[in-house]
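What the coordinates show
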Amino acid sequence: MTKKYLKLLAEKSFKGSYMEQKKVKRIAGLLKRSELKQYINYLKLINDQKKVTVIVPKIPGDKQSLRSGELKKNLQNLRRTYPGKRIVYLEDPSIILGVRIIDNDKIYELNLKDTLNSI
């Protein structure tokens with residue numbers, strides 16, 4: 001099986017920005033070991049391209065931020081900025097008053113700690 005065909009299979013294993021597990025299991029059962037390694041690498045690559053990771057000091061979910069509508073507004077802005085991508089929130093307390101956004105191979109880091117270090 002050619003690399004081009006394996007890449008096509010990996011692309012067809014996604015529905016929108018989500019991986020379909022049934023398709024992946026069915027395809028994986030039909031591949032040889034070397035083909036399976038390439039297929040998995042393509043799946044990882046495509047998954048990273050379809051995902052935006054937002055790392056914040058604390059995941060917003062308290063009642064105060066929900067009442068003010070800030071969370072909803074921020075999520076709408078992210079969806080508008082990254083259309084068709086899945087947005088994943090992670091928590092990292094080492095980030096002080098800021099955010100780190102990872103989009104495939106681009107990393108945007110905005111926080112107080114880096115600003116103070118640069119000054």
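Scroll up to find the structure this text is about.
The rules behind the values
Residues numbered from 1 in each chain as written. Predicted model: local features only at pLDDT ≥ 70, side-chain atom pairs only at ≥ 80, totals over all residues. Heavy atoms only, no water. Salt bridge = Lys/Arg side-chain N within 4 Å of Asp/Glu carboxyl O. Patch = residues over 30% accessible without salt bridge, like charges linked within 9 Å, V, L, I, M, F, W, Y side chains within 5 Å. Areas by Shrake-Rupley, 256 points an atom, 1.4 Å probe, with all protein chains shown as cover. Helix = DSSP H or I, 4+ residues; strand = E, 2+ residues; numbered from the N terminus. Contact = heavy atoms within 4.5 Å. Axes fitted to C-alpha atoms, helices over the stretch in contact; angles between N-to-C directions. Parallel < 35°, antiparallel > 145°, perpendicular 65-115°, else oblique. Left-handed = near helix turned anticlockwise from the far one by under 90°. Nonpolar A, V, L, I, M, F, W, Y, C, P; charged D, E, K, R; others polar. Pairing = 2+ DSSP bridges.

Remarks on the pattern of salt bridges
Per the counting criterion, the structure on display carries four salt bridges. The partner of K23 in a salt bridge is E20, with the nearest N and O atoms 3.4 Å apart. Here D92 ties to R100 by a salt bridge, and the two come within 3.9 Å at their closest N and O atoms. Within this structure, D92, R100 and E109 form a network of salt bridges that share partners.

Focus on a nonpolar patch on the surface
Together, I96, L97, L112, L116 and I119 make up an exposed nonpolar region whose accessible area comes to about 550 Å². By secondary structure assignment, the location of L112 is in helix α6 (residues 112–118).

Let's talk about the side chain of N47
Residue position: N47 is located in helix α3 (residues 33–49). Apart from the residues lying within four places of it in its own chain, the contact partners of N47 are F14, M19 and R86.

Overview of the packing of helix α1 (residues 3–12) against α3
In contact at an axis separation of 9 Å, α1 and α3 are set at 50° when each is read in the N-to-C sense. Comparing their axes, α3 and α1 come out oblique. For the pair α1 and α3, the sense of crossing is right-handed. Contact residues: K3, L6, K7, L9, A10 and E11 in α1; E35, Q38, Y39, Y42, L43 and I46 in α3. Taken together, the residues of the contact of α1 with α3 break down into seven nonpolar, one polar and four charged.

Quick look at the sheet that holds strand β4 (residues 86–91)
Here four strands make up an open sheet; going across it, the order is β4-β3-β5-β6 and the pairing mixed. Here the strands that pair on one side only, and so sit at the sheet edges, are β4 and β6 (106–110). When the angles between neighbouring strand axes are averaged without regard to direction, this sheet yields 15°. Summarising the sheet, strand β3 (residues 51–56) and β4 pair through six bridges and their orientation is parallel. Bridging across to β4, T53 finds its partner in V88.

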